[in-house]
Amino acid sequence: MKQVQQNYRSGELKVTEVPAPVVGDGEILVATRVSLISAGTERQLIELAKSSLVGKAAARPDLVRRVLANVRREGVRPTLDKVFAKLDTPIPLGYSLVGEVIGIGRGVYGHSLGDRVACAGAGLANHAEINATPKNLTVSVPPGVDDEDASFVTLGAIALQGVRLAAPTLGETMVVMGLGLIGLLTTQILKASGCRVIGYDPKPERAALAKVLGADVAVSDSLPGVVANRTGGFGADAVIVTASSKSSEPVNTAAEISRMKGRVVVVGLVGLTIDRDAFYKRELELKLSMSYGPGRGDPAYEIAGRDYPLPYVRWTEQRNMSAVLGLIEEGKVTPKKYVTHRFPIADAEKAYELMQSGAPHLAMLLTYPGDVSRATRPPEAQPARATKGELGVSFIGMGNYARSVLLPKARGAECVRLESVVTKTGISAGHAKDKFGFARAATDPAAAIDDPATDAVFIATRHDTHASLAARALRAGKHVFCEKPLAIERAGLGDCIEAARHAAGILTVGFNRRFAPLLVAARQALEPRSGPLMMLYRVNAGVIAPESWIQREEGGGRILGEVCHFVDALTYMCGALPVEVQAVSAAGRPDAVSAIVKFADGSAGTIVYTSLGDPGAPKEYVEAFADGRVIRLDDYIGLTVDAGGRRKATKGAQDKGQAQLVAAFLAAARGRGPAPIPLAEIEAVSFATLAIEEALRSP
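Residues numbered from 1 in each chain as written. Predicted model: local features only at pLDDT ≥ 70, side-chain atom pairs only at ≥ 80, totals over all residues. Heavy atoms only, no water.

**Brief notes about the sheet that holds strand E11 (residues 217-219)**
Taken together, the six strands give an open sheet; going across it, the order is E11-E10-E9-E12-E13-E14, and neighbouring strands pair in parallel fashion. Each edge of the open sheet carries a strand with a single partner, namely E11 and strand E14 (285-288). Along the sheet, successive strands turn relative to each other by an average axial angle of 15°, direction set aside. Bridge analysis of strand E9 (residues 173-177) against strand E10 (residues 196-200) gives five bridges, and the strand direction is parallel. Following the sheet pairing, Met174 is matched in E10 by Val197. Across the sheet, helix H7 (residues 181-192) lies against E9, E10 and strand E12 (236-241), angled at about 170° from E9, the strand it touches most. (Pairing = 2+ DSSP bridges. Helix = DSSP H or I, 4+ residues; strand = E, 2+ residues; numbered from the N terminus. Axes fitted to C-alpha atoms, helices over the stretch in contact; angles between N-to-C directions. Contact = heavy atoms within 4.5 Å.)

**Overview of the nonpolar core**
Core analysis: the largest hydrophobic core is formed by 98 residues, its most contacted members being Phe458 and Leu486. Per-element accounting of this core gives the leading share, 11 residues, to helix H22 (residues 558-574). If near-sequence neighbours (up to four positions away) are discounted, Phe458 is found in contact with Val393, Ser394, Phe395, Ile396, Leu406, Ala410, Phe481, Val662, Phe665 and Leu666. Judged by nonpolar contacts, the second largest core, of 51 residues, contains Val139, Val145, Leu160 and Val324. (Core = buried A, V, L, I, M, F, W, Y, C linked by side-chain atoms within 4.5 Å. Buried < 20%, exposed > 50% of the residue type's maximum accessible area, 1.4 Å probe, protein only.)

**Quick look at the packing of helix H16 (residues 400-411) against helix H23 (residues 658-669)**
Close contact between H16 and H23 brings their axes to 9 Å; oriented N to C, the two are set at 50°. As far as their axial angle goes, H23 and H16 are oblique. In the crossing of H16 with H23, the sense of the turn from one axis to the other is right-handed. Where H16 abuts H23, its residues Tyr401, Val405, Leu406, Lys409 and Ala410 lie against Gln658, Ala659, Val662 and Leu666. Here the residues of the contact of H16 with H23 are counted per class, giving seven nonpolar, one polar and one charged. (Parallel < 35°, antiparallel > 145°, perpendicular 65-115°, else oblique. Left-handed = near helix turned anticlockwise from the far one by under 90°. Nonpolar A, V, L, I, M, F, W, Y, C, P; charged D, E, K, R; others polar.)

**A word on the packing of aromatic side chains**
By the definition in use, this model includes nine aromatic pairs. Measuring from centroid to centroid gives 5.5 Å for Phe481 and Phe665, while their planes differ by 75°, and the two rings are edge-to-face. Note that Phe481 is positioned in strand E21 (residues 479-482) and Phe665 in helix H23, a separation of 184 residues in sequence. A single burial state applies to Phe481 and to Phe665, both of which are buried. Taken together, the ring pairs connect Phe395, Phe438, Phe458, Phe481 and Phe665 into an aromatic cluster. Over the face of the ring belonging to Tyr280 we find Arg276, whose NZ or CZ atom lies 4.6 Å from the ring centre. Geometry around Tyr572 places Arg523 over its ring, the cationic atom sitting 4.7 Å from the centre. (Phe/Tyr/Trp six-rings, centres within 6.5 Å; stacked < 30°, edge-to-face > 60°. Lys NZ or Arg CZ within 6 Å of the ring centre and 35° of its normal.)

**With respect to the side chain of Thr32**
Following the sequence through the fold, Thr32 ends up in strand E3 (residues 27-37). Look at Thr32 and you get buried, because its relative accessible area is 3%. Polar contacts involving the side chain of Thr32 include one to the side chain of Asn131, which spans 3.1 Å. Aside from chain neighbours lying at most four places away, what touches Thr32 is Leu97, Val98, Gly99, Ala128, Glu129, Ile130, Asn131 and Tyr368. (Polar contact = N/O pair within 3.5 Å; in protein donor to acceptor, adjacent residues only side chain to side chain.)

**Here's the deal with the confidence of the model for the chain**
Averaged over every residue, the pLDDT of the chain is 92; the share at 70 or more is 92%. When the criterion is pLDDT under 50, residues 381-387 qualifies, and its contacts beyond four places in sequence or with other chains add up to 14 contacts. (pLDDT = per-residue confidence, 0-100.)

**Quick word on the sheet that holds strand E29 (residues 638-643)**
One open sheet accounts for eight strands, arranged E24-E25-E26-E23-E27-E28-E29-E30; its pairing is mixed. The open sheet has two edge strands, strand E24 (578-586) and strand E30 (646-651), and neither has a second partner. The mean inter-strand angle of the sheet, taken between neighbouring strand axes irrespective of direction, is 10°. Of the pairings in the sheet, the one linking strand E28 (residues 629-634) to E29 comprises six bridges and is antiparallel in character. Counterpart to Asp634 in the pairing with E29 is Gly638. Here helix H24 (residues 679-697) sits on the sheet in contact with E24 and strand E25 (589-599), set at roughly 35° to E24.

**Brief notes about the pattern of salt bridges**
Within this structure, the stated rule accounts for 43 salt bridges. For Glu681, the salt bridge is made with Arg514, and the minimal N-O distance between the two is 2.6 Å. In this pair, Glu681 sits in helix H24 while Arg514 sits in the loop between strand E22 (507-509) and helix H21 (517-525), placing the two residues 167 residues apart along the sequence. Exposure remark for Glu681: the relative accessible area of 17% places this residue in the buried category. Three or more residues are tied together by salt bridges with common partners; here these are Glu390, Arg417, Glu419, Arg440 and Asp451. (Salt bridge = Lys/Arg side-chain N within 4 Å of Asp/Glu carboxyl O.)

Dropping the structure here:
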């Protein structure tokens with residue numbers, strides 16, 4: 001299918017052919033009819049993408065701070081690899097469309113195949129022939145609303161949410177500053193609410209259009225005088241700022257033209273250096289609008305599909321979307337009158353060229369041919385490129401870790417042939433195919449699992465899919481490298497282990513610490529020994545935002561997602577299986593944990609995993625004691641061995657064993673070595689990690 005994409009590193013924008021998405025749980029598959037180019041928002045994205053690295057850093061100082069923290073924790077080279085891998089990934093454009101339902105995922109009700117729907121969401125409702133959109137960002141289109149009007153649904157919801165925050169009452173005088181698309185929609189919604197509306201935009205043609213669309217007054221200069229004249233000198237009851245400017249002048253002008261105890265609502269992206277005196281002397285109320293409405297930015301609402309109860313949250317973003325379509329059906333909002341240009345999706349690049357040229361334009365629409373069979377047709381499979389001795393390798397999932405760590409190690413190995421790359425979105429799959437040389441790109445895991453040219457599959461998807469995908473691939477006869485954790489619940493883990501026991505292929509999990517050269521040396525330094533080990537593994541894990549996918553259901557949380565690494569490292573150190581665990585967490589901090597693991601040979605290990613420390617301090621520290629010997633491993637950079645009154649210290653570049661693990665897996669897949677990690681250890685470590693999580697949830 002065709003989709004608009006932009007490279008965030010180079011700024012290149014193009015229409016490209018990518019695989020169509022597949023519908024997931026809680027999603028609706030939509031064949032797009034019309035999508036709206038939001039000139040303001042999309043121009044900002046394009047300009048940011050085209051800026052230099054310095055310009056990008058200046059625009060996102062929050063990300064710069066995260067990068068610097070990562071440099072302190074992991075070093076310069078690994079951090080740069082991750083940053084450039086992220087920058088090089090193309091981004092989709094678009095976030096407002098109308099189309100036809102062609103697929104319905106589990107857990108979706110109220111829609112049928114063939115229904116017309118309007119969809120919202122950056123990265124979800126894209127300029128693409130086919131989109132898979134979450135159910136809470138999809139609404140039915142009333143029969144009286146045509147496709148072009150319905151394509152404004154997202155911008156309409158943004159405008160409506162700003163109006164709701166302004167809380168207009170019948171007869172009030174409202175000012176709309178900035179008469180772009182959202183400003184014009186705001187003007188018409190306010191008129192539908194029974195308000196007197198004064199519009200302002202420095203472009204006279206925008207002001208003239210607002211007057212045609214219903215504004216009582218619309219001007220391009222002398223705004224304070226006009227407001228004073230229209231309100232008898234009292235000032236506006238409320239001002240909604242829909243302008244886009246780095247300057248703080250719009251918000252301060254809004255204060256100056258407001259009445260005593262008036263309201264100022266900021267919808268557009270403007271400077272917020274406030275002139276305190278103007279706000280203070282009028283005792284003004286200042287609000288920043290939350291985009292489409294309540295639910296915006298909440299993954300539980302937008303992605304997981306958990307609606308807010310109507311009696312407590314009357315107007316969510318989805319309900320705002322429906323309300324806007326209702327106003328359009330009644331003829332009170334007429335967005336099609338804003339349209340100045342229409343382009344077929346194949347010519348989308350011309351639309352963006354016009355937008356950046358400075359030529360007059362307002363709303364621009366992309367139209368789609370409606371040939372669903374062509375858009376959803378899988379790309380033609382290239383003939384197998386098998387060469388004697390080569391190993392066909394496919395990837396399911398191509399996130400930052402897979403791109404920056406796993407794939408380079410696999411590509412650099414001898415006699416590896418890249419077959420299929422599968423990701424959630426066609427845009428990322430297509431990019432990975434072209435950049436790294438895969439034979440095929442797809443959005444359905446079956447493209448890799450059922451591919452006869454694929455011998456080995458790397459699984460690097462969200463954690464909740466690991467077990468099922470690994471089990472499917474094993475039963476299909478593939479060798480499987482599954483990123484950790486192998487599973488986030490017992491049933492899935494049991495099924496995967498059962499599949500591995502009867503599989504022709506091998507199963508490996510991304511427990512790379514046991515392949516780190518310094519941990520290997522530490523184990524050797526403790527051998528031979530006559531008794532058990534006493535071990536400590538301390539992890540200064542840092543903080544992850546609560547809204548991170550790792551903290552949600554698909555991630556399973558930090559304990560399942562990362563502590564499995566350290567259980568495995570201790571298992572490797574003592575060479576015995578874990579048989580018993582105990583765990584406690586700090587009050588109110590589920591990611592500050594102390595776990596005790598007992599092993600079959602009598603060894604014991606304590607894992608202290610905490611988010612409470614300084615993220616600038618080293619992340620991992622290991623101590624082990626046995627037979628009068630002490631080893632200390634400092635963040636996989638330094639190893640100290642004390643034995644017989646003598647000390648031996650070793651230092652080097654940080655190496656956590658990723659390359660060695662991938663090499664061992666590929667060698668085993670070719671039959672040139674044993675499975676990198678015995679299945680019994682994978683099983684015991686994974687069940688022990690689940691037991692730690694369960695212990696933390698038990699009274």
